[in-house]
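Survey of secondary and tertiary structure
So you can see what is in the structure, the chains are spelled out below.
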Amino acid sequence: MQNIWVQDLRCQHGPSHPDTIQGPPKAPMEKDIDGCQDGAKTVPSAMLGTEGTDSQLDDFVGANPDYNEEEEEQKYFRRKRLGVIKNVVAASLAGTLTYSVYLGLLQMQLILHYDETYREVKYSNIRLEDIDRKVLMGINVTPVAALLYTPILIRYGPAMPRPARLPGMATHPSAPCPGRFFGTKWAMFLAVGIYALFVSSNYWERYYTLVPSAVAIGMVIVPLWASMGTYIMRMAQKYYEYVNYKEEQERERQRAPRDACNTYIIVFQTVFYSCFHLSFVCAQMPMVFFLNNYLYQLNHTLFAVKHCGTLSHGTLPGFNKTVLQSLPRSVSLIIVESALMAAAFLAMLVVLVLCGAAYRPMEEIDMRSIGWGNIFQLPFKHMRDYRLRHLFPLFIYSGFEVLFVCTGFSLNYGVCALGLERLAYLLMAYGFSASVCSSLALCTLRLRRHIPLLAGAFIHAVLLVTLFCWAPEPRYLAQAPLLYSIAALWGTGSALNKTGISILLGMLYKKKERQDFIFTIYHWWQALAIFTVYLWSGLPMKAKLSIMLLTLVVAVGTYLWMEQKVAWNMEVRLPRIPRPRHKTRGYRYLEDNSDETGSDGDGDKEDDDTHPTEATRENELPKEDGERLG
């Protein structure tokens, strides 16, 4: 092979280099021509060798004939969709574990600290009853200020600029820019970690451990559930993108239909709340398997109780101050608290390991670029939207009803008639019913979206009227079936209420720049309602039921009025999200083809195209919204 190439090169390029060793001088031209002709006779074999080499090279670096681009693309997006489903299930599991640990531990500790003998024997030198009041105050009062700092924790927005790699610059283009905050996933992780801190503080029950941890819990209640709602909403949008990736490629510049991902919003929110309501069941495990073994029977604990239900005042007056027939050993308490701590730590690991990021790194916003003042003002500016204002009574009632079933109904009706030892089973009936009936929200796929909300409101209205007119007999176990039925029906209404509100917010506010503000406002109003229930604990039961029934009627009326306005395509007033203004300092230069939404070239192009007058109105109200109502 080497001789062939040498001969061919000699024929094409003449004599060899003078420094090389040459043979005898050539004969006349004819002989040289003959030599070239002889070399040409060997060219076919040389060409065959070259073609064989090229074919081998093509086989090595060329396209695989068995490679199917469309099939590989389908596999890629199938993995992406499975990843989204994994994120939704992981977030739902983490929320369930977190709330069940918190509710179960708080319930167990309040019962233990209520017993006079336990307080005197275990902690005679501290006033646990006063500490419990301050713990409840810290949990219920602190969320009032959550509207100011929650968006800072979970804020995200238009893509931030990636620094271009300039000559002599050591920073890699993919290196993150400074100034970014937690984001949705890390806000969830931080909040779950603080819930775990609350569990750990109960190992050493003192004022300086219980009260600060309760205040910390109150600070992260709104961020946790706002980030959860935003996360589930974003997963629904991503799943829609991965399902319709071909359509997105074909119509890059065309805007997707407004209700394109409604199906996935409904399904994912239903999955989340079906898992979340199981937390009321899991929270009763410490009481069922541990605390019930130490409780007195109802004849002892309810001996001085004279009135139940609608005739009662405050929180179960006349209840015996001694509820424990024997004190649990400290080792047993440590084992139970360690199990709860393990569950809280598992929730942290689920968020950290299994929950993927809600947004790509380039979609996170540089907080300093739009100004701190704007971040604080935007939640209040979003309240100018008439759709959100009309939903405020519904948000408030949502907070009323969930705390009422855990305190007012379960104590003044359930415990008063059946005894403290059956409190766990009453709440488990509520939790199981709420979990199962959350799937009823899937009817929104076929029916108009207001039907689940109105159905839940109707169920609660009937139950409120029933409770207003009924006073169960103390210590009368024959009333157990009716009480369990009311708890299950209340769970049905709660499931339709909670799931329906989250689905409605997802349908109305699809822009990712607004979702954190909207869910923050929703859960902030819920927290205010829970704080109100904490304040009214001393009112007569009839007054509590009247306030709840009035709030429910107002909520249904304002909600229907909002739907009617949406059907009329009334203009919506939404604040414009300020564009990030990035300065060229050091390595922070924009690339020519930067995809930053807030860059100088086309910083608000998306907003200008889709919301031409968004500063004062939003002309993208869908006709589908009106059609779904009427």
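This one's a predicted model, so the numbers in the text were calculated from it and none came from an experiment. (Residues numbered from 1 in each chain as written. Predicted model: local features only at pLDDT ≥ 70, side-chain atom pairs only at ≥ 80, totals over all residues. Heavy atoms only, no water.)

Observations concerning the overall build of the protein
Within the protein one finds 25 helices and zero strands. In the protein, which comprises 630 residues, the share counted as buried stands at 51%. The long-range share in the protein, meaning contacts at least 24 apart out of those at least 6 apart in sequence, stands at 88%. Of the roughly 29,600 Å² of accessible surface on the protein, 61% is carried by carbon and sulfur atoms. (Helix = DSSP H or I, 4+ residues; strand = E, 2+ residues; numbered from the N terminus. Buried < 20%, exposed > 50% of the residue type's maximum accessible area, 1.4 Å probe, protein only. Contact = heavy atoms within 4.5 Å. Areas by Shrake-Rupley, 256 points an atom, 1.4 Å probe, with all protein chains shown as cover.)

A closer look at a nonpolar patch on the surface
A grouping of Trp-186, Phe-345, Leu-346, Leu-349, Leu-352, Val-353 and Leu-354 is seen on the molecular surface, where their side chains present a nonpolar patch of about 630 Å² in accessible area. With respect to the element layout, Val-353 can be found in helix α15 (residues 330-354). (Patch = residues over 30% accessible without salt bridge, like charges linked within 9 Å, V, L, I, M, F, W, Y side chains within 5 Å. Salt bridge = Lys/Arg side-chain N within 4 Å of Asp/Glu carboxyl O.)

Some remarks on the packing of aromatic side chains
For the structure on display, the rule yields 29 aromatic pairs. Taken together, the ring pairs in this structure connect Tyr-99, Tyr-102, Tyr-195, Phe-198, Trp-225, Phe-272, Tyr-273, Phe-276, Phe-280 and Tyr-430 into an aromatic cluster. In this structure, Lys-185 is placed above the aromatic ring of Trp-186, and the distance from its NZ or CZ to the ring centre is 5.2 Å. The ring of Phe-468 is capped by Lys-542, whose NZ or CZ atom sits 5.8 Å from the centre of that ring. (Phe/Tyr/Trp six-rings, centres within 6.5 Å; stacked < 30°, edge-to-face > 60°. Lys NZ or Arg CZ within 6 Å of the ring centre and 35° of its normal.)

Overview of the side chain of Arg-449
Positionally, Arg-449 belongs in the loop between α19 (423-437) and α20 (450-469). At a separation of 2.9 Å, a polar atom in the side chain of Arg-449 contacts the side chain of Glu-563. (Polar contact = N/O pair within 3.5 Å; in protein donor to acceptor, adjacent residues only side chain to side chain.)

A word on the environment of Ile-486
With respect to the helices and strands, the residue Ile-486 is situated in helix α21 (residues 480-508). Separated by 60 residues in sequence, Ile-486 and Leu-426 have C-alpha atoms that sit 9.5 Å apart. Not counting residues within four places of it along the chain, the set of residues in contact with Ile-486 comprises Phe-409, Leu-463, Leu-467 and Trp-470.

Digging into the confidence of the model for the protein
With 72% of its residues at a pLDDT of 70 or more, the protein has an overall mean of 78. Taken together, the stretch residues 156-180 has pLDDT below 50 and engages in 71 contacts with residues farther than four places along the chain or on a different chain. Throughout residues 583-630 the model reports pLDDT below 50, and contacts reaching past four residues in sequence, or to other chains, amount to 107 contacts. (pLDDT = per-residue confidence, 0-100.)

A short note on the pattern of salt bridges
What the rule picks out here adds up to seven salt bridges. Lys-75 is paired through a salt bridge with Glu-71; the nearest N and O atoms lie 3.7 Å apart. On the criterion of helical spacing, the pair formed by Lys-75 and Glu-71 is a turn pair, its members being four residues apart in helix α4 (residues 69-114). Lys-75 sits in the partly exposed class, given a relative accessible area of 31%. Glu-241 serves as the salt-bridge partner of Arg-234, at 3.7 Å between the closest nitrogen and oxygen. Given a relative accessible area of 30%, Glu-241 falls into the partly exposed group. Taken together, the shared-partner salt bridges connect Glu-71, Glu-72 and Lys-75 into one network.

Things to note about the packing of α21 against helix α22 (residues 512-535)
Put simply, α21 and α22 touch, their axes get as near as 10 Å, and they point 150 degrees apart. Considering the angle they form, α21 stands roughly antiparallel to α22. Where α21 crosses over α22, the handedness of that crossing is right-handed. In contact with Lys-498, Ile-501, Ser-502 and Leu-505 of α21, α22 contributes Ile-518, Phe-519, Tyr-522 and Gln-526. Class assignment of the residues belonging to the contact of α21 with α22 gives a composition of five nonpolar, two polar and one charged. (Axes fitted to C-alpha atoms, helices over the stretch in contact; angles between N-to-C directions. Parallel < 35°, antiparallel > 145°, perpendicular 65-115°, else oblique. Left-handed = near helix turned anticlockwise from the far one by under 90°. Nonpolar A, V, L, I, M, F, W, Y, C, P; charged D, E, K, R; others polar.)

Concerning the nonpolar core
Core analysis: the largest hydrophobic core is formed by 156 residues, its most contacted members being Phe-409, Trp-490 and Leu-505. The biggest single contributor to this core is helix α9 (residues 207-243), with 20 residues. (Core = buried A, V, L, I, M, F, W, Y, C linked by side-chain atoms within 4.5 Å.)

Focus on helix α23 (residues 541-567)
The end-to-end C-alpha distance of α23 is 39 Å, a good match for the 39 Å that 27 residues give at a rise of 1.5 Å each. Among the residues of α23, those classed as buried are Met-541, Lys-544, Leu-545, Met-548, Thr-551, Leu-552, Ala-555, Tyr-559, Met-562, Glu-563, Lys-565 and Val-566. In the stretch just after α23, Asn-569 is the one whose phi turns positive, near 60 degrees. (Expected span 1.5 Å × (residues − 1).)

Some words on helix α18 (residues 386-418)
In a regular helix each residue adds 1.5 Å, so 33 residues correspond to 48 Å; α18 covers 46 Å between its end C-alpha atoms and thus fits that length. Ser-410 marks where α18 bends most, by close to 55 degrees. Of the residues one or two after α18, Gly-419 is the one with positive phi, at around 100 degrees. (Bend = angle between axes of the 7 residues up to and from the residue.)

Regarding the packing of α4 against α9
As a packed pair, α4 and α9 sit with axes 10 Å apart at the nearest point and diverge in direction by 160 degrees. Relative to α9, the element α4 is oriented roughly antiparallel. The two elements α4 and α9 cross, and the hand of that crossing is left-handed. Its residues assigned to classes, the contact of α4 with α9 comprises 18 nonpolar, three polar and three charged.

Some thoughts on the environment of Leu-106
Examined against the element boundaries, Leu-106 turns out to sit in helix α4. Sequence separation between Leu-106 and Ala-283 is 177 residues, and the spatial gap between their C-alpha atoms is 9.4 Å. With near-sequence residues (within four places) excluded, Leu-106 lies in contact with Leu-136, Ile-139 and Phe-198.

Considerations on the environment of Ser-330
Positionally, Ser-330 belongs in helix α15. Taking relative accessible area as the criterion, Ser-330 reaches 42% and is therefore assigned partly exposed. Spatially, the C-alpha atoms of Ser-330 and Lys-122 are 9.1 Å apart, while their sequence positions differ by 208 residues.

Some remarks on unusual backbone geometry
At Leu-316, a residue that is not glycine, the phi angle is positive and equals roughly 50 degrees. The topology assignment puts Leu-316 in the loop between α14 (298-301) and α15. Classification of Leu-316 by relative accessible area gives buried; the value is 7%. One non-glycine residue, Arg-475, adopts positive backbone phi at about 60 degrees.

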